[in-house]
Amino acid sequence: MKLDFDSLYSVSREEFQRDFDAILEKVEKGAGPILITDQGLPDLLLFGWEDYWQRFGSLYEPGDREKIEAEIKRKYEAEQVQPTGPIIDATPTK
């Protein structure tokens, strides 16, 4: 499947960082791939997970997707039980 870079939805790195959630939502709804530019030049392509596997799944060994998804799930679940920063004591001082 050939990509026409001129027809892709495009954002700058700055726009991508600023509007990350909105841009990711576009990709998840099927508007990908999205071209991310740096200083006006093509830099990165952002694919939705299913779109990526449709295009590039043949590059992997059978079972690799399941292994990758299991590891992602394991890391995600581990992050959910880890504190994300220092615990701050909000007890008023006298």
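My aim in this report is to walk through the structure given alongside it, one point at a time. (Residues numbered from 1 in each chain as written. Predicted model: local features only at pLDDT ≥ 70, side-chain atom pairs only at ≥ 80, totals over all residues. Heavy atoms only, no water.)

A separate point is the overall build of the chain. A count of helices and strands for the chain gives four helices and three strands. Along the chain, helices and strands appear, N-terminal first, in the series β-α-α-β-β-α-α. The proportion of buried residues among the 94 residues of the chain is 18%. Sequence-distant contacts in the chain: of pairs separated by 6 or more residues, those separated by 24 or more amount to 36%. Approximately 8000 Å² of the chain is accessible, and the part contributed by carbon and sulfur atoms is 54%. (Helix = DSSP H or I, 4+ residues; strand = E, 2+ residues; numbered from the N terminus. Buried < 20%, exposed > 50% of the residue type's maximum accessible area, 1.4 Å probe, protein only. Contact = heavy atoms within 4.5 Å. Areas by Shrake-Rupley, 256 points an atom, 1.4 Å probe, with all protein chains shown as cover.)

Another aspect to go through is the pattern of salt bridges. Counted by the stated rule, this structure contains seven salt bridges. Asp19 is the salt-bridge partner of Arg18, the closest N and O atoms lying 3.9 Å from each other. Salt bridges sharing common partners tie together Glu50, Arg65 and Glu69. (Salt bridge = Lys/Arg side-chain N within 4 Å of Asp/Glu carboxyl O.)

Summed over all chains, the structure comprises nine aromatic pairs. Where Phe47 meets Tyr52, the ring centres are 6.5 Å apart and the plane angle is 70°; that geometry is what we call edge-to-face. Overall, the relative accessible area of 18% leaves Phe47 in the buried class. Look at Phe47 and Phe56: their rings are 5.5 Å apart centre to centre, the planes differ by 90°, and that puts the pair in the edge-to-face class. The partly exposed category is assigned to Phe56, whose relative accessible area is 29%. Over the ring of Tyr9 we find Lys26, and its NZ or CZ is 4.5 Å from the ring centre. (Phe/Tyr/Trp six-rings, centres within 6.5 Å; stacked < 30°, edge-to-face > 60°. Lys NZ or Arg CZ within 6 Å of the ring centre and 35° of its normal.)

Among the structural elements, Thr37 can be located in strand β2 (residues 34–38). If sequence neighbours within four positions are ignored, Thr37 has contacts with Ser10, Val11, Ser12, Arg13, Pro42 and Asp43.

The geometry of helix α3 (residues 49–56) relative to helix α4 (residues 64–81) is characterised by a closest axis approach of 13 Å and an angle of 155° between their N-to-C directions. In terms of orientation, α3 lies roughly antiparallel with respect to α4. Crossing handedness for the pair α3 and α4: right-handed. Where α3 abuts α4, its residues Trp49, Glu50 and Trp53 lie against Arg65, Ile68, Glu69 and Ile72. When its residues are assigned to classes, the contact of α3 with α4 shows four nonpolar, no polar and three charged. (Axes fitted to C-alpha atoms, helices over the stretch in contact; angles between N-to-C directions. Parallel < 35°, antiparallel > 145°, perpendicular 65-115°, else oblique. Left-handed = near helix turned anticlockwise from the far one by under 90°. Nonpolar A, V, L, I, M, F, W, Y, C, P; charged D, E, K, R; others polar.)

Looking now at the sheet that holds strand β3 (residues 41–46). Remark on secondary structure: sheet strands pair via backbone hydrogen bonds, oriented parallel or antiparallel. A sheet is described by the order of its strands in space; here three strands give the open sequence β1-β2-β3, paired in mixed fashion. The open sheet has two free edges, formed respectively by β1 (9–12) and β3, since each of these has just one partner strand. On average, each strand axis in the sheet is tilted by 35° relative to the strand beside it, whichever way the strands run. Judged from the five bridges that link them, β2 and β3 form a sheet pairing that is antiparallel. Bridge pairing links Ile36 to Leu44 in β3. The strands touched by helix α2 (residues 20–31) within the sheet are β1, β2 and β3, with β2 carrying the most contacts at an inclination of about 145°. (Pairing = 2+ DSSP bridges.)

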